[in-house]
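Next come the chains, spelled out residue by residue.
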Amino acid sequence: MSDTAAKPRPQFRNIGIAQLANYRLPLAGKLSILHRISGILLFLCLPLVIVPLFAASVAAPQSFAWIASIASNPIVKLVFLVLIWGYLHHFCAGIRYLLLDLHIGIDKLSAKKSAGVVFGVSLALTLVFGLKLFGVL
């Protein structure tokens, strides 16, 4: 006798707005979201901040001095620090994703460890560059 009865299909329900606060995203998921945020940040700041500042700094010595005086403001330094973090995080996470594309570190434990390494390296590099930016080093 054959078993022709249909098995119940699994039900996947979307997460609701009220459940978002209780949802615990794994470290690799947080890394992925921050990789996208840092990419958007860099993409939007490239034509609005980075290219105009670079163009003004190489135009004339007076404009370079003007940019240097603006860059000495602590709030501008914080903006630069955020851009530095965005670049370093995006770069380190991008290397991780290239390795994942080569099927290196695909298993769950390796992916969790590599996500932690990316967070650690990018934050350590941001700290070093931030100390240099604020004149501590």
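Residues numbered from 1 in each chain as written. Predicted model: local features only at pLDDT ≥ 70, side-chain atom pairs only at ≥ 80, totals over all residues. Heavy atoms only, no water.

Caption draft 1: Broad picture of the packing of helix 1 (residues 27–59) against helix 3 (residues 74–101). Orientation of helix 1 relative to helix 3, taken along the N-to-C sense of each, is 130°, at an axis distance of 8 Å. In terms of axis orientation, helix 1 runs oblique to helix 3. By crossing handedness, the relation of helix 1 to helix 3 is classed as left-handed. Contact residues: Ala28, Leu31, Ser32, Leu34, His35, Ser38, Gly39, Leu41, Leu42, Cys45, Val49 and Leu53 in helix 1; Phe80, Val82, Leu83, Trp85, Gly86, Tyr87, His89, His90, Ala93, Gly94, Arg96 and Tyr97 in helix 3. Residue composition of the contact of helix 1 with helix 3, grouped by class: 15 nonpolar, eight polar and one charged. (Axes fitted to C-alpha atoms, helices over the stretch in contact; angles between N-to-C directions. Helix = DSSP H or I, 4+ residues; strand = E, 2+ residues; numbered from the N terminus. Parallel < 35°, antiparallel > 145°, perpendicular 65-115°, else oblique. Left-handed = near helix turned anticlockwise from the far one by under 90°. Contact = heavy atoms within 4.5 Å. Nonpolar A, V, L, I, M, F, W, Y, C, P; charged D, E, K, R; others polar.)

Caption draft 2: Looking closely at the nonpolar core. Leu31, Cys92, Ala93, Ala115, Val118 and Phe119 form the largest nonpolar core, which has six residues in total. For this core, the secondary-structure elements that each account for two or more residues are helix 3 and helix 4 (108–133). Broken down by element, the residue count for this core peaks at three residues, all from helix 4. Beyond its immediate chain neighbours, meaning those up to four positions away, Phe119 contacts Leu27, Lys30, Leu31, Leu34 and His89. (Core = buried A, V, L, I, M, F, W, Y, C linked by side-chain atoms within 4.5 Å. Buried < 20%, exposed > 50% of the residue type's maximum accessible area, 1.4 Å probe, protein only.)

Caption draft 3: View of a nonpolar patch on the surface. A surface patch of nonpolar side chains, amounting to about 590 Å² of accessible area, comprises Tyr87, Phe91, Ile95, Leu99, Leu102 and Ile104. Residue placement: Phe91 occurs in helix 3. We classify Phe91 as partly exposed; its relative accessible area is 44%. (Patch = residues over 30% accessible without salt bridge, like charges linked within 9 Å, V, L, I, M, F, W, Y side chains within 5 Å. Areas by Shrake-Rupley, 256 points an atom, 1.4 Å probe, with all protein chains shown as cover. Salt bridge = Lys/Arg side-chain N within 4 Å of Asp/Glu carboxyl O.)

Caption draft 4: Region of the structure containing unusual backbone geometry. Despite not being glycine, His103 has its phi angle at roughly 65°, a positive value. Of note, His103 is situated in the loop between helix 3 and helix 4. By relative accessible area, which is 65% here, His103 ends up exposed.

Caption draft 5: Representation of the side chain of Ser122 in the model. Its location among the elements puts Ser122 in helix 4. Here Phe119 takes part through its backbone oxygen, which lies 3.3 Å from a polar atom of the side chain of Ser122. Dropping the residues within four chain positions of it, Ser122 is found in contact with Leu88, His89 and Cys92. (Polar contact = N/O pair within 3.5 Å; in protein donor to acceptor, adjacent residues only side chain to side chain.)

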